[in-house]
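A structural walkthrough
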Amino acid sequence: MFEDFRALVGHHPLVIGSCYRTPSWNRKQGGAQKSQHVRGTAIDVHCPKVMLIDEFRTLAKQFATDDDRVGGLGWYTWGVHLDVRPHTTFAFWNQVTRQTRLHDNNETPRTQW
């Protein structure tokens, strides 16, 4: 799934900020208690230098909307978080604004975002 996302953004080299984390490292990073990183089902991707961050986030949202494998999408100032959590609803959070909660606490149907 992550390689398919890279193809969507134009096969640009992507910098991975985080993928699998041990529980202790996840705590040190301030990760959510039920973080998908601890399960090995998440990836944090920094925006390619050849792309504007808003364009990158828009492509990530398009990808998450179109690909049922995506269970969670988070927006950050540095890029996006994508995960393949098992889901009946879709988790979306926007850490660019201060009005949303972290990771696994903000699940909404995919059609509402």
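See the structure shown above.
First, a word on what this report is: a plain description of the structure on this page. Note that the coordinates shown come from a computational prediction; the quantities given were computed from them, not determined experimentally.

Thresholds, definitions, all that
- Residues numbered from 1 in each chain as written.
- Predicted model: local features only at pLDDT ≥ 70, side-chain atom pairs only at ≥ 80, totals over all residues.
- Heavy atoms only, no water.
- Helix = DSSP H or I, 4+ residues; strand = E, 2+ residues; numbered from the N terminus.
- Buried < 20%, exposed > 50% of the residue type's maximum accessible area, 1.4 Å probe, protein only.
- Contact = heavy atoms within 4.5 Å.
- Areas by Shrake-Rupley, 256 points an atom, 1.4 Å probe, with all protein chains shown as cover.
- Salt bridge = Lys/Arg side-chain N within 4 Å of Asp/Glu carboxyl O.

Quick look at the overall build of the protein
- For the protein, the helix and strand inventory stands at four helices and six strands.
- Written out in order from the N terminus, the α and β elements of the protein read α-β-α-α-β-α-β-β-β-β.
- Looking at the protein residue by residue over its 113 residues, the buried ones come to 43%.
- Within the protein, counting contacts between residues at least 6 apart in sequence, those at least 24 apart form 44% of the total.
- Counting only carbon and sulfur atoms, one obtains 52% of the accessible surface of the protein, whose full area is about 6600 Å².

A short note on the pattern of salt bridges
- Under the counting rule described, the total for this entry stands at six salt bridges.
- Measuring nitrogen to oxygen at the nearest pair gives 3.3 Å for the salt bridge that ties Arg-21 to Asp-44. Of the two residues, Arg-21 sits in the loop between β1 (15-18) and α2 (23-28) while Asp-44 sits in strand β2 (residues 42-46), which places them 23 residues apart along the sequence.
- Arg-21 sits in the buried class, given a relative accessible area of 10%.

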